[in-house]
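The lines below spell out each chain.
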Amino acid sequence: MFYRLEDGHGLPHDPFKAIVAPRPIGWISSIARDGSVNLAPYSFFNAVSGKPPIVMFSSELRKNTLENVEETREFACNFVGEPFLKEMSDTSAALPHGESEFDFAKIEQAECNEIAPPRVKAAYACLECKVIKIINLKDLRDEPTNAWTVFGQVVGAHIADEVMTEGRFDLEKAKPAARLGYRDYAVVRDIFELKRPGQA
Ligand SMILES: Cc1cc2nc3c(=O)[nH]c(=O)nc-3n(C[C@H](O)[C@H](O)[C@H](O)COP(=O)(O)O)c2cc1C
């Protein structure tokens, strides 16, 4: 099948997110100017640069996380391994500003080193980030959309000892969870090396 977006897909559900899958989940912790903390999952999330390390996430509509990072310009991306799927999902509840998803989902928090927002203490990894740019995306007609993309440079990284193997962040142990389309998720289990042409 082919559909022009203007004409619609005619399917029971929009396939877009299933086509752009799997997507890593940025479990974003942030803090407001008034000190209230927030934790929520974002699967419009990825790394966009390695040197320096830069990540992005995108908020559809203006949500608490976006407003917090606009105010305080810092956030942490907590790694979602398989054992954390239920807790991660619980933190997607639409709580009013000021109510902490850490408390709501009974998740223990720990202090970050370089930024004010707390992190998920038990997460296998956490990237501490400072905001470098926030963009309200415009569409083809140059009209503002409901999407705000936040770019953050990583200034600190935590890795749990239990998922380190011989100096590597061991994804066989950390079992990253990913978002697919519809209500589906995946867990990375099938890991293999592939050499590029010319690599020994
Ligand atoms: C796995 C998962 C991924 C999500 N990804 C996004 C996303 O990329 N962008 C977005 O705006 N909302 C996303 N959501 C929904 C938000 O997590 C939800 O709206 C949440 O209440 C936002 O919290 P906040 O207002 O505290 O920031 C996602 C939810 C789940 C469960």
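Residues numbered from 1 in each chain as written. Predicted model: local features only at pLDDT ≥ 70, side-chain atom pairs only at ≥ 80, totals over all residues. Heavy atoms only, no water.

- By the naming in an unreviewed UniProt entry, the protein goes by Flavin reductase and is assigned to Ahrensia marina.

**Section: the UniProt feature "domain: Flavin reductase like" (unreviewed entry) in the protein**
Item 1. As annotated by UniProt and renumbered to match this structure, "domain: Flavin reductase like" (unreviewed entry) occupies residues 18–171.
Item 2. With 14% helix and 46% strand, residues 18–171 has its two end C-alpha atoms placed 23 Å apart. (UniProt positions renumbered as here; feature names shortened; annotations may be inferred. Helix = DSSP H or I, 4+ residues; strand = E, 2+ residues; numbered from the N terminus.)

**Focus on the pattern of salt bridges**
Item 1. For the structure shown, the criterion picks out 9 salt bridges.
Item 2. Across the pair Glu82 and Arg189 runs a salt bridge whose closest N-O atoms are separated by 2.9 Å. With a gap of 107 residues between them, Glu82 in the loop between strand E6 (74–78) and helix H3 (85–90) and Arg189 in the segment after strand E14 (185–187) connect regions that are remote in the sequence.
Item 3. Note on Glu82: relative accessible area 27%, which makes it partly exposed.
Item 4. A salt bridge links Lys121 to Glu108, with the nearest nitrogen and oxygen atoms 3.3 Å apart. Taken together, the residues span a long stretch of sequence, with Lys121 in the loop between strand E8 (119–120) and strand E9 (125–138) and Glu108 in the loop between helix H4 (101–104) and strand E7 (109–110) at a distance of 13 residues.
Item 5. Taken together, the salt bridges that share partners define one network made up of Arg4, Glu6 and Asp7. (Salt bridge = Lys/Arg side-chain N within 4 Å of Asp/Glu carboxyl O. Buried < 20%, exposed > 50% of the residue type's maximum accessible area, 1.4 Å probe, protein only.)

**Observations concerning a nonpolar patch on the surface**
Item 1. Side chains of Phe16, Ile19 and Val20 sit close together on the surface and give an oily, nonpolar patch of about 310 Å² of accessible area.
Item 2. Tracing the backbone shows Val20 in the loop between helix H1 (16–19) and strand E1 (23–24).
Item 3. A relative accessible area of 42% places Val20 in the partly exposed class. (Patch = residues over 30% accessible without salt bridge, like charges linked within 9 Å, V, L, I, M, F, W, Y side chains within 5 Å. Areas by Shrake-Rupley, 256 points an atom, 1.4 Å probe, with all protein chains shown as cover.)

**Overview of the site of the ligand**
Item 1. In the vicinity of the ligand lie 19 residues, with Asn38, Tyr42, Phe44, Glu60 and Thr65 positioned nearest.
Item 2. Take Lys63: an N or O atom from its side chain is 2.9 Å from a nitrogen atom of the ligand.
Item 3. Contacts to the ligand include Thr65, whose side-chain N or O atom sits 2.5 Å from an oxygen atom.
Item 4. Mapped onto the shell around the ligand, the elements with two or more residues apiece are strand E3 (37–42), strand E5 (53–60) and helix H2 (64–72).
Item 5. Sort the elements by how many residues they give to the shell around the ligand and E3 lands first, with 4 residues. (Near = heavy atom within 4 Å. Polar contact = N/O pair within 3.5 Å; in protein donor to acceptor, adjacent residues only side chain to side chain.)

**Focus on the nonpolar core**
Item 1. Grouped together as the largest cluster of nonpolar side chains are 20 residues, with contacts concentrated most on Trp27, Leu39, Val80, Phe102, Ile107, Val120 and Tyr124.
Item 2. Those residues within four positions of Ile107 in sequence are excluded, and the remaining contacts are Trp27, Leu39, Glu87, Thr91, Phe102 and Val120.
Item 3. Grouped together as the second largest cluster of nonpolar side chains are 15 residues, Phe45, Val55, Leu66 and Val154 included. (Core = buried A, V, L, I, M, F, W, Y, C linked by side-chain atoms within 4.5 Å. Contact = heavy atoms within 4.5 Å.)

**Description of the sheet that holds E3**
Item 1. Read from one edge of the open sheet, 7 strands run E3-E2-E6-E9-E10-E5-E4, paired in antiparallel fashion. The outermost strands of the open sheet, each flanked by one partner alone, are E3 and strand E4 (45–50). Direction aside, neighbouring strands of the sheet carry axes that sit 35 degrees apart on average.
Item 2. Here 6 bridges tie strand E2 (residues 26–31) to E3, and the two strands are oriented antiparallel to one another. Paired with Ser29 across the two strands is Leu39, which belongs to E3. (Pairing = 2+ DSSP bridges. Axes fitted to C-alpha atoms, helices over the stretch in contact; angles between N-to-C directions.)

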